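Summary of structural features
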Amino acid sequence: EDAFHGAKKTIRRPTGASQTGTINVKIPAGITSGKKIRLAGQGKGGMGKKSGNLYLEVNIAPHANYRLEEKDIYFNLPIVPWVAALCAKFTVPTLSGKINLTITANAKSGQKMRLKGRGLPGKEPGDQFVILQIMVPPASSAQAKQLYQQMAEELSFNPREKLEQTL
């Protein structure tokens, strides 16, 4: 969230710096891992010389719901098989707020849906990708097992068909 929205943080001054205490740091919106923030005059000064600059290297911590690659944000959306087959509308979270998303019929697990400009901000903002993750309900009851058996009998679907032809 800090890399997306920007933030103000207070950090402890590194040991060996000419000043002591804490430093207020402004985290710019859209910053990515590996970038440096320059704090003018906050570094160690030489003997009789004024303080130099302090450079902080940004390391973005993992997020519970999102994955960051450069300026693009990835979000896994778990769905059930009948939603993937039939279509549905969902409210999906983004770091700039919730949006409505329509999943079209015959969606595939791993399918990416691009939300243009919803990644990290900047001159060229990144995108957010919603990745569909089809979750199969467990056959933990007699009724569920019966439904799966009915599907096996009525649907002629073999996801390994092309693989089997090459063996």
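Everything here concerns the structure above.
Residues numbered from 1 in each chain as written. Predicted model: local features only at pLDDT ≥ 70, side-chain atom pairs only at ≥ 80, totals over all residues. Heavy atoms only, no water.

**Section: the side chain of T94**
Locating T94 in the fold gives a position in strand 7 (residues 88-94). With a relative accessible area of 8%, T94 lands in the buried category. Among the polar contacts listed, one links the side chain of T94 to the backbone oxygen of G97, at a separation of 2.4 Å. Among residues more than four places away in sequence, those in contact with T94 are Y66, I99, L115, R118 and Q128. (Helix = DSSP H or I, 4+ residues; strand = E, 2+ residues; numbered from the N terminus. Buried < 20%, exposed > 50% of the residue type's maximum accessible area, 1.4 Å probe, protein only. Polar contact = N/O pair within 3.5 Å; in protein donor to acceptor, adjacent residues only side chain to side chain. Contact = heavy atoms within 4.5 Å.)

**So, helix 3 (residues 142-154)**
Spanning 13 residues, helix 3 covers 18 Å between terminal C-alpha atoms, matching the ideal 18 Å at 1.5 Å per step. Counting buried positions along helix 3 gives 1 out of 13 residues, so the element sits mostly on the surface. (Expected span 1.5 Å × (residues − 1).)

**Notes on the packing of aromatic side chains**
Under the defined criterion, the tally for this structure stands at 2 aromatic pairs. Taking 5.6 Å as the distance between ring centres and 40° as the angle between the ring planes, the aromatic pair formed by Y66 and F75 counts as tilted. With respect to class, Y66 is no different from F75; both count as buried. A ring pair is formed by Y74 and F129, whose centres lie 5.2 Å apart and whose planes are at 20°; its orientation type is stacked. Here F129 lies in strand 10 (residues 128-134) and Y74 lies in strand 6 (residues 72-79), a separation of 55 residues in the sequence. (Phe/Tyr/Trp six-rings, centres within 6.5 Å; stacked < 30°, edge-to-face > 60°.)

**Digging into the sheet that holds strand 9 (residues 112-115)**
Strand pairing within a sheet occurs via backbone hydrogen bonds; the two strands may be parallel or antiparallel. Ordered in space as 5-6-10-9, the 4 strands form an open sheet in which the pairing is mixed. On the outer flanks of this sheet lie strand 5 (66-69) and strand 9, each paired with one strand and no other. Taken pair by pair, the neighbouring strands of this sheet meet at an average axis angle of 25°, ignoring direction. Direction of pairing for strand 5 relative to strand 6: antiparallel, over a ladder of 4 bridges. (Pairing = 2+ DSSP bridges. Axes fitted to C-alpha atoms, helices over the stretch in contact; angles between N-to-C directions.)

**Here's the deal with the side chain of T32**
Tracing the backbone shows T32 in the loop between strand 2 (22-27) and strand 3 (36-39). Among residues more than four places away in sequence, those in contact with T32 are V58, I60, E70, K71 and L120.

**Here we look at the pattern of salt bridges**
In this structure the tally under the stated criterion is 4 salt bridges. With its nearest N and O atoms 2.9 Å apart, the salt bridge here joins D2 to K9. Given the relative accessible area of 33%, D2 is considered partly exposed. Between E57 and K36 there is a salt bridge; the shortest N-O distance is 3.9 Å. On the criterion of sequence distance, the pair formed by E57 in strand 4 (residues 54-57) and K36 in strand 3 is long-range, its members being 21 residues apart. (Salt bridge = Lys/Arg side-chain N within 4 Å of Asp/Glu carboxyl O.)

**Side note on the pairing of strand 8 (residues 97-103)**
Where strand 7 meets strand 8, 7 bridges bridge the pair, whose relative direction is antiparallel. Counterpart to T91 in the pairing with strand 8 is N100. What sits between the antiparallel neighbours strand 7 and strand 8 is a turn of 2 residues.

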